[in-house]
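Structural features, examined
Given next are the chains, with one letter for each unit.
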Amino acid sequence: MAEIRLARLEQGQTKIKNVPIAVTPEGFWCCPSPVVFQKTLKSQNPLNKPKPASPPSKIPVEKKSIPVTDRKPPLSRSRSAAVSDDDRKGNADASGYSAPEVVPRTSRPKVENMPRKIAIEFGEPGTSNIKVVLLGKQGFSVKLSVHKNVLMDNSSFFANKLADQEGPSMEIGDCEDVEIYVETVGLMYCKEMKQWLMKQNVSRVLRILKVAEFLGFKSCMQSCLEYLEAAPWVGDEEEEKVVTSILRLQSEGIGVSPVLKRVSADVSKPHKDTLSHIIELVLRSNEERGRREMKLVVLKLLRENQSVSSNASSTDICNEIIYSSCRSCLASLLFLFQQAAETDFTDRSVDRKEPVLKQITLEADNLSWLLEILADRQAADEFAVMWSKHQELATLHAKLPIVSRYHISCITARLFVGIGKGELLPAKDTRKLLLHTWLEPLINDYSWLKHGCGSFDRKVVEEGIGRTILTLPLEDQQSILLTWLGSFLKVGDSCPNLQRAFEVWWRRTFVRPYVETQGSIHQQDCSITSQLEP
């Protein structure tokens, strides 16, 4: 191992640092440690920091003058101001004593404060036949004592540069990553490149790959690709860096497909079938915890995909898959309601009733999840049409025990919330039919919804119902709100509180009837205009 030599420098000198190296049988190092560069770069900072200024020395006011003839000529005239000989003679003749003038000096930079050039030497000069100088930023340079045949055999860059060169050295300027350049050249001497790369992380291997690409070091590039294909990538940011680097190499004639297969499939259009299969697996799962967690995961991923993707056809395919699942769940739910509404259903044993009731709860939860996806994608208008037209389901709803049916009202509540927030904008007839078909079942289940559904937010639901009612014509608002008023006065807190919507309707009807007011204003304007005409 070579020793580290740090010599004291004068201004303008270059500091040369011989670093410890592990010499191979070929007489070269085996990939220097990154710590060498880090310590070397850090060592520049203390040298470049200005030292605190020393206190100014006292200047005597008066001093016995020395005859001009006895004075020695100045050695240099680097002062910013000098006294002429005539002035000196005049002052000496006028007085036997004279106070010397204080001549201001320009401060000379200290040697410690001057920026230093740092140079590091690698290799064994005694066995090498060429020197490669890497010039980095801020005066940082590295001199490599290497072998010409090794460089030319491994690097197309060096092969082209050194083919006609007879000199003992060459320079590579503007090296952004000198440390990695040294490591990459060192790998030309390394027989077990894979074992060495295994000790590195993905980020460092990407840096080596970039330099190897510049040098045309094909075997190193291939080893880096094999490492990246097998090593785990941590996080989306690292994956993006790997993919970007690999895509840049596609034109190099190197096999990058094994790495890219981790992020892209060979099948031309697998997304439709895959997404349909995933949703089907989630919908048919009977394990409560796994189903609940995967519903959250799929909803989150679809939301992310919606925010990133701008492909309209992909969005349409996804919505088509979801609506297909909605129709399947609705058909299953209707069949289960028909079973539960049979006259002898209540007389059956618990073992026979329990699977049906459990499946009703499951299908209701599935529909709520699918509606949440559609509302998040602003594509739930068709669902509102489907739900409002299911009058048979609403009729059977009243025949089931409330404990078995109240989960269905969660779907109705979510539709009202979506309309109230503007997440879906169904037509007027759909909104009216939805209220006439499902508002009464919702009112009947309201007390159970408040206590049985953990995610039920009473204020949000009541505001959604009220806003939905207020989107209808004034006559329809009056009909629905008067019906609600009768229920609210009977059951009170067990009914949705729609007082805010009721107040808005009241003001529209009795306080400020817009149509009549506008009509009277228009008639007044017409009469005034006719009077002003000649």
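Predicted model only: the values in this text are computed from it and were never measured.

1. Focus: the pairing of strand β4 (residues 140-146)
In terms of burial, β4 is largely enclosed, as six of its seven residues are buried. Of the pairings in the sheet, the one linking strand β3 (residues 130-135) to β4 comprises six bridges and is antiparallel in character. Directly across from valine 133, in β4, lies its bridge partner lysine 143.

2. Notes on a nonpolar patch on the surface
There is a patch of nonpolar side chains on the surface, built from Met294, Val297 and Leu301 and spanning about 230 Å² of accessible area. Assignment of secondary structure puts methionine 294 in helix α12 (residues 288-308).

3. Points about the side chain of glutamine 477
Looking at the element boundaries, glutamine 477 is found in helix α21 (residues 474-491). Of note is the side chain of glutamine 477, whose polar atom sits 3.4 Å from the backbone oxygen of leucine 470. Beyond its immediate chain neighbours, meaning those up to four positions away, glutamine 477 contacts Ile469, Leu470, Leu472, Trp505 and Arg508.

4. A few points about the packing of helix α17 (residues 402-421) against helix α20 (residues 458-470)
Their axes nearest at 7 Å, the elements α17 and α20 cross at an angle of 65°. The pairing of α17 with α20 is recorded here as roughly perpendicular in orientation. Handedness of the crossing formed by α17 with α20: left-handed. In contact with Ala413, Phe416, Val417, Ile419, Gly420 and Lys421 of α17, α20 contributes Val460, Val461, Gly464, Ile465, Arg467 and Thr468. Here the contact of α17 with α20 is composed, by residue class, of seven nonpolar, three polar and two charged.

5. Overview of the nonpolar core
Of all hydrophobic cores here, the largest spans 73 residues; its most connected members are Trp369, Phe383 and Trp387. Setting aside residues no more than four positions away along its own chain, tryptophan 369 makes contact with Ile279, Val282, Leu283, Lys295, Val298 and Leu299. Formed by 51 residues, the second largest nonpolar core is a distinct cluster that contains Val146, Leu249, Val256 and Leu260.

6. Notes on the packing of aromatic side chains
All told, the structure shown has 14 aromatic pairs when counted by the stated rule. Here tryptophan 387 and tryptophan 438 contribute two aromatic rings whose centre-to-centre distance is 4.6 Å and whose plane-to-plane angle is 15°, an arrangement assigned as stacked. Here tryptophan 387, found in helix α15 (residues 381-388), pairs with tryptophan 438, found in helix α18 (residues 428-444); they are 51 residues apart in sequence, far enough to count as distant. Here the two residues tryptophan 387 and tryptophan 438 agree in accessibility, since each one is buried. An angle of 75° between the planes, with centres 6.5 Å apart, marks the rings of tryptophan 505 and tryptophan 506 as edge-to-face. When its relative accessible area of 42% is taken as the criterion, tryptophan 506 is described as partly exposed. Taken together, Trp484, Phe488, Phe502, Trp505, Trp506 and Phe510 form an aromatic cluster joined through their ring pairs. Sitting over the face of the ring of tryptophan 233, arginine 262 holds its NZ or CZ atom 3.7 Å from the ring centroid.

7. Comments concerning a negative patch on the surface
On the surface, Asp236, Glu239, Glu240 and Glu304 cluster together to form a negatively charged patch. Within the secondary structure layout, glutamate 304 lies in helix α12.

8. Some points on the pattern of salt bridges
In this structure the tally under the stated criterion is 24 salt bridges. Of the charged contacts in the structure, one is a salt bridge between arginine 204 and glutamate 179, with a shortest N-O distance of 2.3 Å. Remark: glutamate 179 occurs in helix α5 (residues 178-187) and arginine 204 occurs in helix α7 (residues 202-215); sequence separation between them is 25 residues. Across this residue pair, the class does not change: arginine 204 and glutamate 179 are buried. Where glutamate 213 meets arginine 248, a salt bridge forms, and the shortest distance between an N and an O atom there is 3.2 Å. With glutamate 213 in helix α7 and arginine 248 in helix α9 (residues 235-248), this residue pair connects regions lying 35 residues apart in the sequence. For glutamate 213, a relative accessible area of 18% puts it in the buried group. Judged by relative accessible area, arginine 248 falls into the partly exposed class, the value being 38%.

9. Quick word on the confidence of the model for the protein chain
When the pLDDT values of the protein chain are averaged, the result is 76; 69% of them are 70 or greater. Summarising per-element confidence for the protein chain, the mean pLDDT is lowest in helix α2 (residues 85-94) (43) and highest in α15 (95). Low pLDDT (under 50) marks residues 45-103, which in the prediction has 33 contacts with non-local residues, meaning those over four places away or in another chain. Note that residues 109-116 has pLDDT below 50 and, in this model, 21 contacts with residues that lie over four places away or in other chains.

10. Re unusual backbone geometry
Positioned with a positive phi, aspartate 174 is a non-glycine residue whose angle comes to about 55°. Position of aspartate 174 among the secondary structure elements: in the loop between β5 (169-172) and α5. Phi is positive for glutamine 378, close to 55°, though the residue is something other than glycine. The residue glutamine 378 is located in the loop between α14 (350-376) and α15 in this model.

Calculation notes
- Residues numbered from 1 in each chain as written.
- Predicted model: local features only at pLDDT ≥ 70, side-chain atom pairs only at ≥ 80, totals over all residues.
- Heavy atoms only, no water.
- Buried < 20%, exposed > 50% of the residue type's maximum accessible area, 1.4 Å probe, protein only.
- Helix = DSSP H or I, 4+ residues; strand = E, 2+ residues; numbered from the N terminus.
- Pairing = 2+ DSSP bridges.
- Patch = residues over 30% accessible without salt bridge, like charges linked within 9 Å, V, L, I, M, F, W, Y side chains within 5 Å.
- Areas by Shrake-Rupley, 256 points an atom, 1.4 Å probe, with all protein chains shown as cover.
- Salt bridge = Lys/Arg side-chain N within 4 Å of Asp/Glu carboxyl O.
- Polar contact = N/O pair within 3.5 Å; in protein donor to acceptor, adjacent residues only side chain to side chain.
- Contact = heavy atoms within 4.5 Å.
- Axes fitted to C-alpha atoms, helices over the stretch in contact; angles between N-to-C directions.
- Parallel < 35°, antiparallel > 145°, perpendicular 65-115°, else oblique.
- Left-handed = near helix turned anticlockwise from the far one by under 90°.
- Nonpolar A, V, L, I, M, F, W, Y, C, P; charged D, E, K, R; others polar.
- Core = buried A, V, L, I, M, F, W, Y, C linked by side-chain atoms within 4.5 Å.
- Phe/Tyr/Trp six-rings, centres within 6.5 Å; stacked < 30°, edge-to-face > 60°.
- Lys NZ or Arg CZ within 6 Å of the ring centre and 35° of its normal.
- Lys, Arg positive; Asp, Glu negative; His and termini not counted.
- Charge placed at Lys NZ, Arg CZ, Asp CG, Glu CD.
- pLDDT = per-residue confidence, 0-100.

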